[in-house]
Structures are given as structure tokens and as C-alpha cells.
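These are the residues of each chain, in order.
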Amino acid sequence: LAKTTQPISMDSYEGQEVNITCSHNNIATNDYITWYQQFPSQGPRFIIQGYKTKVTNEVASLFIPADRKSSTLSLPRVSLSDTAVYYCLVGEGPQTGANNLFFGTGTRLTVIP
Amino acid sequence: EAGVAQSPRYKIIEKRQSVAFWCNPISGHATLYWYQQILGQGPKLLIQFQNNGVVDDSQLPKDRFSAERLKGVDSTLKIQPAKLEDSAVYLCASSSPQGVPTDTQYFGPGTRLTVL
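The structure contained in this document is the topic of the report that follows. (Residues numbered from 1 in each chain as written. Chains lettered and ligands numbered in written order. Predicted model: local features only at pLDDT ≥ 70, side-chain atom pairs only at ≥ 80, totals over all residues. Heavy atoms only, no water.)

Scanning the entire structure with this criterion turns up 2 disulfides over all chains. A sulfur-sulfur distance of 2.2 Å marks the disulfide that ties C22 of chain A to C88 of chain A. Taking the sign of the torsion about the S-S bond as the criterion, the disulfide between C22 of chain A and C88 of chain A, at about -80°, is left-handed. Note that C22 of chain A is positioned in strand β2 (residues 18–23) and C88 of chain A in strand β8 (residues 84–91), a separation of 66 residues in sequence. Comparing C22 of chain A with C88 of chain A, the two get one shared label, buried. Between C23 of chain B and C92 of chain B runs a disulfide, and the two sulfur atoms are separated by 1.9 Å. Judged by the torsion about the S-S bond (-70°), the C23 of chain B/C92 of chain B disulfide is left-handed. Here C23 of chain B, found in strand β3 (residues 19–24), pairs with C92 of chain B, found in strand β9 (residues 88–95); they are 69 residues apart in sequence, far enough to count as distant. Note on C23 of chain B: relative accessible area 0%, which makes it buried. (Disulfide = S-S within 2.5 Å. Helix = DSSP H or I, 4+ residues; strand = E, 2+ residues; numbered from the N terminus. Buried < 20%, exposed > 50% of the residue type's maximum accessible area, 1.4 Å probe, protein only.)

Here it is, written out as C-alpha cells:
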């Protein structure tokens, strides 16, 4: 089970693009990278998932370099409502038994008006 | 689509007492997870069920924690007896195979347990 390293906290002004990088030096061939968002008093919420290169959805983009030892979650033009903790997870997934269920401490993003 | 339901939302007990938490996953989701989240930390997996069978309970303190998922739907997590360090939010999540290795987990609102 590959573990991850993220910055503990980040601050950003409203309207800016925010990039949160996650290191996962021991990522295995079958591992995927998944990001979750958690607001206070709520459970985590899936944001995006990828294996390599770039993935984009309506919420964020995920950039994964060729060596896959790191990944960057990109949030375009953040708003105050994006203030939350962001978790990077790496693993094969529940179906194989070895799964991406190690959340770590996450990155606390604070968006400033 | 209804989300993952958990009850109670809050519970305060004294140490050495027993407590139980209930989870109703999203309809049709075969996989159910229980997490413990201590203040300031990320969620830690306690146990994972696939239907009514246990997939992973390696981090469940089995001397005091137990969980069951009879009939492969609802699940109950019990702590007996509780210790001060069990104060945390207990999160339930469920997922359904989507044809990819890593299934999206849907989390409930959690139960905040305070042990005095």
C-alpha cells in the first residue's frame, strides 16, 4: 500500500488557480491515484481519479507525470466554498483487497476573500 | 439517489460503557466501509465488507470493536467497552463496482462520539 505526502496547509485568494501536489514515491504499477475533498462535519467526497498523464472533470484536473511518483490536483479559480481538506490516496482498489484507503493527514486549503 | 445514512449523529458516553453505530449504505452497493477519524487526522479504515463478508479488518481493535453486516445491507459497529481515545467521528462509506479497480466511495455524515 503506497503512502503519500502532501503539504499540511495552503492559502489562496479567491479566483486563483490552486495546485496541490502529492508525493507517492512507492506507487505500484497497478495503483491508481484518487483525490477526495472533505468539508467540516461531513464525510469525504470523491473529486477525481487517474492513472497517468492528465484527467479533467467539471471540478478539477489531475496531472500525473510519466514516472507517476507524484501527482498534482489543480482547482481552477477557487471560491470560498472550496475551503476544505484535500486527501490524496494511492492504491489498487477495493476489488483486489489491496486498496486506496489510506487517507493520510491531507492538505487544508483556505481560500481568502 | 439517497446517500449513505448513519445514526446517531452524536453520542456522548462515559468510558467503559458500550455504544453502537448504524449505517445504511446506498442501495445496491456491495462494499461497505467503517472509518475512524480522530480530530485533525484523516480517516482510518477499520473494516471493509463485501456483501456480508469481511474483506479487511486488519486495523480493527478486535478486543473492543466489532462490526457486522447481516444480509449484506445495513451494518452496525460496536465498541465495548469504550476508552477515552475512542473519541472520534465514525464514518461509514459504500461503493459499487464501476468496472475500474478503484471504486468511488460515498461517505455518510458520520457519528461524532465523545467518551468522557
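Still more to cover.
With that settled, the discussion passes to the sheet that holds strand β4 (residues 45–50) of chain A. Residues and elements named next belong to chain A. Taking strand neighbours across the sheet as the criterion, the 5 strands line up as β1-β9-β8-β3-β4 in an open arrangement whose pairing is mixed. Edge positions in the sheet fall to β1 (9–13) and β4, since each of these pairs with one other strand and no more. Geometrically, the sheet is characterised by an average inter-axis angle of 25° between neighbouring strands, direction not taken into account. Sheet topology places strand β3 (residues 32–38) next to β4; 5 bridges connect them, and they run antiparallel. Looking at β4, one finds that Y36 is bridged to F46. (Pairing = 2+ DSSP bridges. Axes fitted to C-alpha atoms, helices over the stretch in contact; angles between N-to-C directions.)

So, on to the nonpolar core. Among the nonpolar cores identified, the biggest contains 21 residues, and F21, W34, L77, I79, Y90 and L113 of chain B are the most heavily contacted of them. Of all the secondary-structure elements, those providing two or more residues to this core are β3, β4 (31–37), β5 (44–50), β8 (75–79), β9 and β11 (111–115) of chain B. Residues I33, I48, L73 and V90 of chain A belong to the second largest nonpolar core, which totals 20 residues. (Core = buried A, V, L, I, M, F, W, Y, C linked by side-chain atoms within 4.5 Å.)

Volume-wise, the largest pocket comes out at about 610 Å³. Tallied by class, residues from the lining of the largest pocket come to 15 nonpolar, 14 polar and 3 charged. (1 Å grid on protein atoms, 1.4 Å probe; cavity = no way out; pocket = protein on both sides within 12 Å on 5 of 7 lines; lining within 4 Å. Points joined across faces, edges and corners; volume = space filled by probe spheres on them. Nonpolar A, V, L, I, M, F, W, Y, C, P; charged D, E, K, R; others polar.)

A side chain with one charge may pair with a side chain of the opposite charge, provided their charged atoms come close. Residues and elements named next belong to chain B. If you walk through the whole model with that rule in mind, you get 2 salt bridges over all chains. The partner of K62 in a salt bridge is D57, with the nearest N and O atoms 3.7 Å apart. The shortest N-O distance in the salt bridge between R64 and D86 comes to 2.5 Å. You can see R64 sitting in the loop between β6 (53–56) and β7 (65–68) and its partner D86 sitting in the loop between β8 and β9, a full 22 residues away along the chain. Note on D86: relative accessible area 3%, which makes it buried. (Salt bridge = Lys/Arg side-chain N within 4 Å of Asp/Glu carboxyl O.)

Shape descriptors only; they carry no functional weight alone.
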